[in-house]
Amino acid sequence: MLDRGEGSTTACCSIKQLKSLEMSLMLSKAVLMRCPSCADNFAHLHCINTCSPDQTTTINVTRTMNITTLGIVKEAVVGYQAYLSTSFADKSFESCKNVRIPATGGYAIATMCGRYGSALCTAQRWYDFQGDSSNGLAPLDIDFRLIPEGVTEGIPDGVVPYAGRALGCNEMTPTGAEVCSCQDCQASCPVVPSPPPPAEPFTIGGVDGYLVLCVIFLCVLILAFLLFVLSTYLLRKEEGKDSEKGKGKGKGMDKNGNNVSERLIEPWEVTCTDKNSLATQEFLGSGFRAWGTLVASHPLKVLLASAVVTAAFATGLMHIELTTDPVQLWSAPNSRARMEKDFHDKHFDPFFRTNQMILTAPGRPGHFYDSLLFGKQNFSGIIAKDLILELLKLQKKIQFWSNDLNRMASLKDVCFAPLNPSNPSLTDCAVNSLPQYFQNSVDNLNAKVNMTELGVTKEVDWRDHFIYSFVISPLSDEGYTTAEALILTFSLNNYPRDNVKFKVALEWEQRFLDIVQEYQKSPGNPFTFAYMAERSLEDEINRTTAEDIPIFMISYAVIFVYIAVALGEYTSFSRILVDSKFLVGLGGILVVGCSVLASMGFYAWIGIPSSLIILQVVPFLVLAVGADNIFIFVLEYQRDARRPGEKREERIGRVLGNVAPSMLLCSLSESVCFFLGALSTMPAVKSFALYAALAVLMDFVLQMTAFVALLSLDARRQDGNRCELACCVSVKTTAPSKPNEGFLLPAMRKYYAPVLLHPVTRVIVIVVFIFMFISSIYLMFYVTVGLDQELAMPQGSYMLEYFKYLYAYFEVGVPTYFVTTKGFNFTSIAGMNATCSSVGCDPFSLTQKIQYATEYPDLSYMAIPANSWVDDFIDWLNPGSKCCRLYSIGPNKGKFCPASECETLSSLFTIKLRKSKVTCVSVLLATRFMAYHTALTTSKEFTAALKIARELAHNITLSMRSIPGTSQDFEVFPYTVTYVFYEQYLTIVSEGLFNISLCLLPTFVVCCLLLGMDLRSGALNLLTIIMITVDTVGVMTLWGIDYNAVALINLVTAVGISVEFVSHMTRSFAMSIQPTHVERAKEATATMGSAVFAGVAMTNLPGIVVLAFAKAQLIQIFFFRLNLVITLLGMAHGLIFLPVLLSYFGESACVCACVGACQPTD
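Residues numbered from 1 in each chain as written. Predicted model: local features only at pLDDT ≥ 70, side-chain atom pairs only at ≥ 80, totals over all residues. Heavy atoms only, no water.

Trainee: Provide a residue-level description of the overall build of the chain, including the pertinent values.
Mentor: Broken down by element type, the chain carries 35 helices and 27 strands. Among the 1162 residues that make up the chain, the fraction classed as buried is 51%. Considering only contacts in the chain between residues 6 or more positions apart, those separated by 24 or more positions represent 74%. Only carbon and sulfur atoms are counted for the fraction: they give 62% of the accessible area of the chain, which is about 53,400 Å². (Helix = DSSP H or I, 4+ residues; strand = E, 2+ residues; numbered from the N terminus. Buried < 20%, exposed > 50% of the residue type's maximum accessible area, 1.4 Å probe, protein only. Contact = heavy atoms within 4.5 Å. Areas by Shrake-Rupley, 256 points an atom, 1.4 Å probe, with all protein chains shown as cover.)

Trainee: Explain a nonpolar patch on the surface to me, and be specific about the residues and the numbers.
Mentor: Together, F202, I204, L213, I216 and V220 give the surface a local cluster of nonpolar side chains, amounting to about 430 Å² of exposed area. In terms of residue count, helix α5 (residues 209-244) provides more of the nonpolar patch than any other element does, 3 residues in total. Note on placement: F202 falls in the loop between β5 (141-147) and β6 (203-204). (Patch = residues over 30% accessible without salt bridge, like charges linked within 9 Å, V, L, I, M, F, W, Y side chains within 5 Å. Salt bridge = Lys/Arg side-chain N within 4 Å of Asp/Glu carboxyl O.)

Trainee: Quick one: what's the story with the pattern of salt bridges, residue by residue and with numbers?
Mentor: Tallied over the entire structure, the rule returns 24 salt bridges. Note that R63 and D141 form a salt bridge whose closest N and O atoms lie 2.8 Å from each other. Placement of R63 in strand β1 (residues 59-69) and of D141 in strand β5 is noted, with a sequence separation of 78 residues between them. The partner of D714 in a salt bridge is R717, and the shortest N-O contact between them spans 2.9 Å. Taken together, the positions of D714 and R717, both in helix α19 (residues 683-719) and 3 residues apart, correspond to about one turn of that helix. By the burial criterion, D714 is buried, and R717 matches it. Several salt bridges converge on common partners, so that one network encompasses R336, E340, R950 and E983.

Trainee: How would you sum up the sheet that holds strand β16 (residues 431-432)? Please name residues and give values.
Mentor: A sheet is described by the order of its strands in space; here 4 strands give the open sequence β16-β19-β11-β20, paired in antiparallel fashion. Both edges of this open sheet fall to β16 and β20 (528-532), since each of them pairs with a single strand only. In terms of strand pairing, β16 meets strand β19 (residues 486-492) through 2 bridges, oriented antiparallel. Looking at the pairing, N432 lines up with T489 of β19. Contacting β11 (353-360), β16 and β19, helix α10 (residues 385-395) runs over the sheet at an angle of about 20 degrees to β19. (Pairing = 2+ DSSP bridges. Axes fitted to C-alpha atoms, helices over the stretch in contact; angles between N-to-C directions.)

Trainee: Got a sec to walk through unusual backbone geometry? Specific residues and values, please.
Mentor: One non-glycine residue, D349, lies in the positive phi region at around 75 degrees. Looking at the element boundaries, D349 is found in the loop between α9 (336-348) and β11. Despite not being glycine, N440 shows a phi value in the positive range, around 55 degrees. Examined against the element boundaries, N440 turns out to sit in the loop between β16 and α11 (442-446). Note on N440: relative accessible area 18%, which makes it buried.

Trainee: If you had to explain the state of the cysteines to someone new, which residues and values would you point to?
Mentor: Going through the model one piece at a time under the given rule, you end up with 8 disulfides. Put simply, C35 and C180 are joined by a disulfide, and their sulfur atoms are 1.7 Å apart. Its S-S torsion of approximately 75 degrees makes the covalent link between C35 and C180 right-handed. Of this pair, C35 sits in the loop between α1 (15-32) and α2 (36-51) while C180 sits in the loop between β5 and β6, placing them 145 residues apart in sequence. Under the relative-accessibility criterion, C35 is labelled buried at 0%. On the basis of relative accessible area, C180 is assigned to the buried category, the value being 2%. Across the disulfide, C182 is cross-linked to C189 (sulfur-sulfur distance 1.9 Å). On the S-S bond that ties C182 to C189, the torsion sits near 90 degrees, and the link is right-handed. (Disulfide = S-S within 2.5 Å.)

Trainee: Which residues make up the sheet that holds strand β25 (residues 862-864), and what are the values?
Mentor: In space, the 4 strands of this open sheet follow the order β25-β26-β24-β27, with antiparallel pairing throughout. Taken across any chain shown, the strands that pair with only one partner, and hence form the sheet edges, are β25 and β27 (972-975). Averaged over all pairs of adjacent strands, the angle between strand axes in this sheet comes to 45 degrees, irrespective of strand direction. Across 4 bridges, strand β24 (residues 815-820) lies against β27 in antiparallel orientation. Paired with F818 across the bridge in β27 is P974.

Trainee: Outline the nonpolar core, listing residues and values.
Mentor: Core analysis: the biggest nonpolar cluster contains 222 residues, and F633, F688 and F1118 have the highest contact counts within it. At 21 residues, the largest contribution of residues to this core is made by α19. Excluding its chain neighbours within four sequence positions, the residues that come into contact with F1118 are L787, I1041, D1042, N1044, V1046, A1047, N1050 and N1123. Counting 39 residues, the second largest nonpolar core, distinct from the first, contains C38, I48, W126 and I142. (Core = buried A, V, L, I, M, F, W, Y, C linked by side-chain atoms within 4.5 Å.)

Trainee: Go over the environment of F700, please, and point to the residues and values.
Mentor: In this structure, F700 sits in helix α19. Taking the C-alpha atoms as reference, F700 lies 7.8 Å from M663; in sequence the two are 37 residues apart. For F700, the contacting residues outside a window of four places in its chain are F288, A660, M663, L664 and S667.

Trainee: Now, about the packing of α2 against helix α3 (residues 86-96): what can you tell me, with residues and values included?
Mentor: At a closest axis distance of 8 Å, the pairing of α2 and α3 adopts a crossing angle of 145 degrees. The two elements α2 and α3 cross, and the hand of that crossing is left-handed. The segment α2 lies against α3, with S37, C38, N41, H44 and L45 engaging F88, K91, S92, S95 and C96. Per-class residue counts for the contact of α2 with α3 are 4 nonpolar, 5 polar and 1 charged. (Left-handed = near helix turned anticlockwise from the far one by under 90°. Nonpolar A, V, L, I, M, F, W, Y, C, P; charged D, E, K, R; others polar.)

Trainee: Which residues make up the side chain of D871, and what values do they have?
Mentor: With respect to the helices, strands and loops of the structure, D871 is situated in helix α26 (residues 869-877). Looking at D871, its side chain comes within polar contact range of the side chain of S837, at 2.5 Å. Within the local environment of D871, its side chain forms a polar contact with the backbone nitrogen of S838, the two atoms lying 3.3 Å apart. Residues in contact with D871, not counting those within four places in the same chain, are R34, P102, C836, S837, S838 and C841. (Polar contact = N/O pair within 3.5 Å; in protein donor to acceptor, adjacent residues only side chain to side chain.)

Trainee: If you had to explain the packing of helix α21 (residues 759-780) against helix α31 (residues 1015-1038) to someone new, which residues and values would you point to?
Mentor: Two measures define how a pair of helices packs: the angle their axes make with one another and the distance between the axes. Contact geometry of α21 with α31 gives a least axis separation of 8 Å together with a crossing angle of 55 degrees. Relative to α31, the element α21 is oriented oblique. Every pair of crossing elements has a handedness; the one defined by α21 and α31 is left-handed. Seen from α21, the contacting residues are F769, M772, F773, S776, I777, L779 and M780; seen from α31, they are M1027, V1030, D1031, V1033, G1034, T1037 and L1038. For the contact of α21 with α31, the residue count by class is 10 nonpolar, 3 polar and 1 charged. (Parallel < 35°, antiparallel > 145°, perpendicular 65-115°, else oblique.)

Trainee: Talk me through helix α28 (residues 939-961); I want residue IDs and the actual numbers.
Mentor: In a regular helix each residue adds 1.5 Å, so 23 residues correspond to 33 Å; α28 covers 33 Å between its end C-alpha atoms and thus fits that length. Looking at α28, one finds that the buried residues are S939, F942, T943, A945, L946, A949, R950, L952, A953, I956, T957 and M960. (Expected span 1.5 Å × (residues − 1).)

Trainee: Would you mind going over the environment of W126 in detail, with residue names and values included?
Mentor: In this structure, W126 sits in helix α4 (residues 123-130). By relative accessible area, W126 is classed as buried at 1%. Between the C-alpha atoms of W126 and F144, which are 18 residues apart in sequence, the distance is 9.8 Å. In contact with W126, other than residues within four places in its own chain, are F42, S92, F93, C96, I109, M112, C113 and C121.

Trainee: Run through the confidence of the model for the chain, naming residues and quoting values.
Mentor: Across the chain, pLDDT averages 83, with 87% of residues at or above 70. Every residue in residues 247-252 is under pLDDT 50, and counting partners more than four places away or in other chains gives 8 contacts. Counting contacts from residues 902-921, a segment whose pLDDT is below 50, to residues more than four positions away or on other chains yields 32 contacts. (pLDDT = per-residue confidence, 0-100.)

Trainee: Explain the packing of aromatic side chains residue by residue, including any values.
Mentor: One pass over the structure, following the stated rule, counts 45 aromatic pairs. Measuring from centroid to centroid gives 6.3 Å for Y210 and Y782, while their planes differ by 85 degrees, and the two rings are edge-to-face. Taken together, the residues span a long stretch of sequence, with Y210 in helix α5 and Y782 in the loop between α21 and α22 (798-809) at a distance of 572 residues. The partly exposed category is assigned to Y210, whose relative accessible area is 28%. For Y782, a relative accessible area of 39% corresponds to the partly exposed category. Aromatic pair Y531 and Y798: ring centres 4.7 Å apart, planes at 15 degrees, arrangement stacked. Note that Y531 is positioned in strand β20 and Y798 in helix α22, a separation of 267 residues in sequence. Here Y531 falls in the buried class, since its relative accessible area comes to 4%. The rings of F42, F93, W126, Y127 and F144 are connected pair by pair, giving a single aromatic cluster. (Phe/Tyr/Trp six-rings, centres within 6.5 Å; stacked < 30°, edge-to-face > 60°.)

Written out as structure tokens, the structure reads:
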């Protein structure tokens, strides 16, 4: 500028004036020094205007005044015109307009452009503010005139607009200062390739690729099946011709046209599988026959023993822990998000508790205000003095008596107060609200003062202060005077749950909710608003669970009434009370209840916590399994005739021997399925699987003991013609000698099975179910993954209104911290450069990479770049700053001095500090850099934001590890309060496939083992269960049911219920001694299908329908809708598809006949 070297530099000002100029520029330099060329340009102009020997050629003095100094009267300039070329002015402005203030996240220019802020600031407005003495910063009035090149009109004679060289922000200064950083200067930014766009949808020839593949797969399967049917038909037709010619002697046709073999089975035709199957069935049947006879012979002893064992298990309920914390429910302790949360909370304390109100004043008229400082401004209806006073009155109301503190408690006892955490006052509390801009003072709101601006004197009031507060803020780009809503946020400390102040915080939040709800109902309330407290989500979930308990009780009552009524035989009106099975039904329900209690008690004993979802789902699941087994056992007993000379107890044992292997098959498959499901990493899924597995196992054990004993007592009563509920009363009408088949079995045998297994119907069924299966595979690719938080709330909850307000009025998302672990040397110059964003920093530093991400918010979900404490530290160490750092003289020499001191250190000592010769800590264990996400509204967006943030943090980690001295286990990870809930959706698809596969595996293995290594039956059984599960996911897509951990629990449950629909039928078909596939399928459909329909389908459906009246959306969607789908699809596949499938592909007739009836001899 003026420096021409020692002895050659001339200046039109004294040493005193130079020092005065230096002091005047100090404040602006502190703000602009992040960009040396900007600070240089700023000082350049004022130095030229003040001290240039040629200043008369660029300025025109317009006003002077006489001042007296030391008795000497001197003329002083108090106003002048400064003429600048637009090229110099514009380039200077361009070099400064993007310089940031890291502490606020805003632009420095916003503080230097008056009412216009950064958004509306121009070169002329910037210079106008610098020359306006009324702003309290300029020492005199300067009228800056920006003159375009070649324009001479209006310029005084002898004046030439100053057109010196202004530095670009990407240029070094003459003194050697480096170019500005990318964050402060776009021209300094390296060329960063744009992130790749989201992957295009998979297409084939411009059509949905998954659809094309599924259509091809569908056509192949249907064509293969039709070819199989055609070839089978032609083969049978050829065999029929051979039969007419005398070939195949002994063969004939049954009434359905199927081949019937009447020849004897030769010993060599019996395979190892046949022998194993026969031996397995004989072993299981004889074992259960003996067991059933024993139990039926001693019913009271068995009931007593069962009660004692159940009570022993159930006493563990005294120690039960009910987990309600969502973090503990859905995030595993060893999951990445949970460990990162624990690391963050350990080093920085848990994220503060948020309590918030979003207030609007719809219909309230706005007004215009002609501000002296900012011109005419439009104020919306919500920005009104009376509303601000009302809000201030509301926020001071909350105080209560705390039993834990034994005194009155208020906000200061629990508030988040980062500047005075040990002993905060109300003014220290972090309360974000409009009254805070007036220090929560009514006097400040009412204050008025006369002010002069550019020669105009006018009264200013709270509105001018409001505008100014936002104009100089980092939010100055928006028109906040026309805001539609006010936001009031109380931040509380998030104490550990065992801390006494945690209870006080909960009490404060409850008092907050009480006051807000009362205020909302008051007639004088001028606001329309929504609100929430940190405890609200957990409270609302617990409240709706408690309110919906009666719904579950009604559901179970409906199921009980159905079981009690449906189990009865009802041979005549006079024997209704004799043949009814009310007590047997009640006993079956009690067996289910006892199994659930025993399971819960056992796990309570060993310290595995329960949850509300276990209380809701496990009884329903065990009831579905238990009711099916009860129906199969009781109906088989009713349909069986006592053999001559056979005792009642022996009959019960024989019936149990017939059906118990099937009950064992299902119960063991389900129990092993759930035990394997406990390998899940999700705590809620894991605990559910453990509780369900043991409950199913206990249910089977109690059915084999207590229920058999109950049936024995009931059979004794029925044989004595005694009435139920009044055992002393007997009837004279005797029971019919012929077994009672009821209504369902004859109907299915006579009508349903023949129609279902008609040749044409069978083809249609297979084609339709193949179409359903392939369609569901296609729909699986489009199921929505996640759980929007609104669905966790009951209908009518105040939280639903809060979410609407949140999405409507919030324009920025949650803060996210990029946390560093130990192992990085922040004290080295390279280390500091890798984390800062000011001049001289690495253009690919931690903060710069986050800055680049914010340039693509639609892809990165990052809205505001990270603040860097390293930048603040460097600014604090800046030699150009007058801040005190260490005492250089006096008794405290060498010690840290507070910011209130003004002592200046020598430049030498400052350089030593910058080189980190003096440090406060030896190892930095953790630090964090705070940025902000964009406004996230859906589960999909929260999950995507987490994924992108982790990718960004991983990239930063790799670059920082390359710095010498950095530990290879050093890591940067992103953290915000929501990540721990949404991490599961990154892996829930693979987690679900793993869990469901583990559940499917035992259904195949157990079926094969209990059927004597019958691989074909096991495979068909497995295929049907897979189809039910896949079809369930397909219907979820169509019905808008999202896939999440709650849905996964229900899908695991679906596998268990599917076993009930399928495995009984498969075993019944395998054990049938009918000669053909179709005849065996008919028999299995009629006998076992009727029991399955009555025991599973009709037991579940009434109870499920009742759940439609629940208030909780989670119950309506994931318990009513999803369980309805599971039951209907299970019924359709078990009673329609599976019989047809077995009729085509089941084990051969010869083998089955041999296993069931033949006794080959050597």
